[in-house]
Amino acid sequence: MGLITEAKTVSKVFILLLCCLTQSLIAQDVIFEIESPSVVSVDEPFRLEYILRGSVEGTNFNVPKSFEGLEIKSGPHISNNGRIAGIVEMWQSFLYIVAAKKKGIISLPVASIDFRGAQCKTNEVQLKVLPENENWGQYQYNIDAFIRTQVSRPEIYEDEALVLSCRLYTKVPLLSVKEIYYPVLDGFDVGGKPFYDHQGIPIFKKEEYNGTEYYVGDLRIITIYPNRIGQLVIPEVKANLTFNTRSLNTKRGFYPGEVAIESVDKQLKSEPTFVKVVALPKKKPTDFSGAIGRFKIQSEVKGSQVKVGELFALKVIVDGYGDLNSASAPVLDLPDGVEVYDMVSNDDDVMFSDFGLQSERIFGYLLVANKAGTYKIPSARFVYLDVESGNYKTLLSSEHTVSIIEPKIKGSVIAYR
């Protein structure tokens, strides 16, 4: 009675054989199989192994004396193995180290073995041979990895800052980053800071994508600005990477007990990304700051009681999501008797976030009053374009009251500006 078992393939070719066994063997899980790569390159040595699993009692192992299309480097290396790990596992191995002589499709040699009076014979197995030095790892190994280019918003306004990131998603350990080819961004201007361009292996974190967990690392994050209206395209990014395939458990060393540390080069390409750029809404306010995003404002006065002619400071802080670097200062309508002596602002303190750019900018006003009295410093006014509503919005800071007193003059003169 025949025993047929199902072929299993995990980046290897397993051909399970029809063995004519006696009735007493049906209870035993004994199979005879070939293990080899499915794809190799010309002149590249590889393992061709015939394995009887479930027993060490095979006899009369037989293969053709010459392997058509293959050069035998060594073999057969015969080994009997057994181990106990909860259950008994035993097998016989007949290992050859061979190399293909020419590219194309070749048939691996058919082998036979006797087991308790019954003969098991292999089916024909075909092997794909690539030209010499052509990398075949991408055929042999299932490298679950890809790169994506992402933008903070798929539809933006003219002059709006856009965050463009290139990210690597992988389930296979990365050994090295060889080259990354970033495209020319036609229709965009590239901003300065912040600018993240990682050299070498990126820092990975776990992240779920389409219901599957990957290790994700940022290769590059930059800020870009559209320089025209319309549908713009960000072309594909190409990356030549080297992956560690040892964790895939798909290949061993040449000889029994030897462990192979495998590395495979693979080029990944992202899909093009499209961005729609639209014009600013009409009826733009005359005091529009130029900022586009989502912001809030706050202010504070240092010193609630000062002397005539003394400087006191008003600090206005604008922060939120969007670029503030080129935004104009908040408008400040001061009462008669108080004027701006000087105004300074820091550079936009900006960082990347999940919502694009996260910014903060501080505007410092040095004020002076030329006569005594109680003055109400009105709200600073900041007008921006809100990306959620598509409307221009006005932010108002707090009002502040300052008491200006006459100085006590002791033989000196106060010079007012």
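Whatever comes next refers back to the structure up there.
Reference entry: report on the structure contained in this document. Because the structure is a prediction, the values reported are computed rather than measured.

Section: the overall build of the protein chain
Move 1: Along the protein chain, the regular secondary structure elements total one helix and 34 strands.
Move 2: Taking all 417 residues of the protein chain together, the buried fraction comes to 43%.
Move 3: Put simply, of all contacts in the protein chain between residues at least 6 apart along the chain, 71% involve residues at least 24 apart.
Move 4: Accessible surface computed for the protein chain: about 22,600 Å², of which carbon and sulfur atoms make up 49%.

Regarding the pairing of strand 33 (residues 392-396)
Move 1: Pairing analysis gives five bridges linking strand 32 (residues 381-386) to strand 33, with the strands arranged antiparallel. Directly across from Val 383, in strand 33, lies its bridge partner Thr 394.
Move 2: Counted along the chain from strand 32 to the antiparallel partner strand 33, the turn is five residues long, and its residue Gly 390 has a positive phi close to 75 degrees.

Regarding unusual backbone geometry
Move 1: Pro 76 follows Gly 75 through a cis peptide bond whose omega is 5 degrees.
Move 2: On the secondary structure map, Pro 76 appears in strand 7 (residues 70-84).
Move 3: A positive phi angle, close to 70 degrees, is found at Asp 43, a residue other than glycine.
Move 4: The partly exposed category is assigned to Asp 43, whose relative accessible area is 43%.

A few points about the pattern of salt bridges
Move 1: Taken as a whole and assessed by the stated rule, the structure comprises 20 salt bridges.
Move 2: Close ionic contact of Glu 33 with Arg 53 constitutes a salt bridge, the shortest N to O distance being 2.2 Å. Highlighted residues: Glu 33 in strand 3 (residues 31-35) and Arg 53 in strand 5 (residues 46-53), separated in sequence by 20 residues.
Move 3: Glu 33 gets classed as buried once you look at its relative accessible area, which sits at 3%.
Move 4: Here Arg 53 falls in the partly exposed class, since its relative accessible area comes to 27%.

Some remarks on the sheet that holds strand 22 (residues 238-244)
Move 1: Taking strand neighbours across the sheet as the criterion, the three strands line up as 16-22-23 in an open arrangement whose pairing is antiparallel. At either end of the open sheet lies a strand with only one pairing partner, and these are strand 16 (174-181) and strand 23 (263-269). Taken pair by pair, the neighbouring strands of this sheet meet at an average axis angle of 20 degrees, ignoring direction.
Move 2: Sheet topology note: the strand 22/strand 23 ladder contains seven bridges and is antiparallel. Bridge assignment links Leu 241 to a residue of strand 23, and that residue is Lys 266.

Details of the sheet that holds strand 12 (residues 125-130)
Move 1: On the basis of which strands lie adjacent, the open sheet formed by three strands has the order 4-12-9 and mixed pairing. Edge positions in the sheet fall to strand 4 (39-41) and strand 9 (104-108), since each has one partner strand and no second. Adjacent strand axes in the sheet meet at a mean angle of 35 degrees when their direction is disregarded.
Move 2: Relative to strand 12, strand 9 runs antiparallel, the two sharing five bridges. Across the sheet, the residue bridging to Ile 105 is Lys 128, located in strand 12.

Things to note about the side chain of His 400
Move 1: Note that His 400 resides in strand 34 (residues 400-405).
Move 2: Within the local environment of His 400, its side chain forms a polar contact with the side chain of Ser 299, the two groups lying 2.9 Å apart.
Move 3: Those residues in contact with His 400 that lie beyond four places of it in its chain are Ser 299, Glu 300, Val 301, Leu 314, Tyr 375, Lys 376 and Ile 377.

Here's the deal with the packing of aromatic side chains
Move 1: Overall, the coordinates contain 13 aromatic pairs when judged by the stated rule.
Move 2: With a centroid separation of 4.9 Å and 5 degrees between ring planes, the pair formed by Phe 146 and Tyr 169 is classed as stacked. Taken together, the residues Phe 146 in strand 13 (residues 145-151) and Tyr 169 in strand 15 (residues 162-170) connect sequence positions 23 residues apart.
Move 3: For the pair Phe 146 and Tyr 209, a centre-to-centre distance of 5.4 Å together with 45 degrees between the ring planes defines the contact as tilted. Of the two residues, Phe 146 sits in strand 13 while Tyr 209 sits in strand 19 (residues 204-209), which places them 63 residues apart along the sequence.

Overview of the side chain of Arg 220
Move 1: Mapped onto the elements, Arg 220 comes out in strand 20 (residues 212-226).
Move 2: Using a relative accessible area of 18% as the deciding quantity, one classes Arg 220 as buried.
Move 3: In this structure the side chain of Arg 220 is engaged in a polar contact, spanning 3.0 Å, whose partner is the side chain of Asp 197.
Move 4: Setting aside residues up to four positions removed in sequence, Arg 220 forms contacts with Leu 164, Ser 165, Cys 166, Tyr 182, Phe 195, Tyr 196 and Asp 197.

Structural notes on the environment of Val 368
Move 1: Its place among the elements puts Val 368 in strand 30 (residues 356-369).
Move 2: Along the chain, Val 368 and Tyr 341 lie 27 residues apart, while their C-alpha atoms are 6.3 Å from each other.
Move 3: If we skip the residues at most four places from it in the chain, Val 368 touches Gly 309, Glu 310, Leu 311, Phe 312, Gly 337, Val 338, Glu 339 and Tyr 341.

Rules used in this analysis
Counting restarts for each chain, with residues numbered from 1 along the sequence as it is written. Two thresholds apply to this predicted model, a pLDDT of at least 70 for residue-level local features and 80 or more for giving and counting side-chain atom pairs, whereas whole-chain, interface and lining totals are computed over all residues. As a convention, hydrogens and water are excluded, and side-chain values are obtained from all of the structure's heavy atoms. Secondary structure elements are defined from DSSP: runs of H or I of at least 4 residues count as helices, runs of E of at least 2 residues count as strands, and each element is numbered from the N terminus. Exposure classes here rest on a 1.4 Å probe applied to the protein chains alone. A residue is buried below 20% of its type maximum, exposed above 50%, and partly exposed in between. For this analysis, residues touch if any pair of their heavy atoms sits within 4.5 Å. Only the protein chains shown count as covering a residue, and every accessible area follows the Shrake-Rupley method with a 1.4 Å probe. The criterion for strand pairing is that DSSP finds at least two bridges linking the strands in question. When a carboxyl oxygen of Asp or Glu is within 4 Å of a side-chain nitrogen of Lys or Arg, the pair counts as a salt bridge. Here the axes come from fitting lines to C-alpha atoms, over the contacting stretch only for helices, and the angles between their N-to-C directions go from 0 to 180 degrees. In the analysis that follows, any N or O atom pair within 3.5 Å is treated as a polar contact, provided that within protein one partner can donate a hydrogen and the other can accept it, and provided that, for residues neighboring in sequence, both atoms belong to side chains. Two rings belonging to Phe, Tyr or Trp (six-membered ring only in the last case) form a pair when the distance between their centres is within 6.5 Å. Interplanar angles under 30 degrees mark stacking, angles over 60 mark edge-to-face geometry, and anything in between is tilted.

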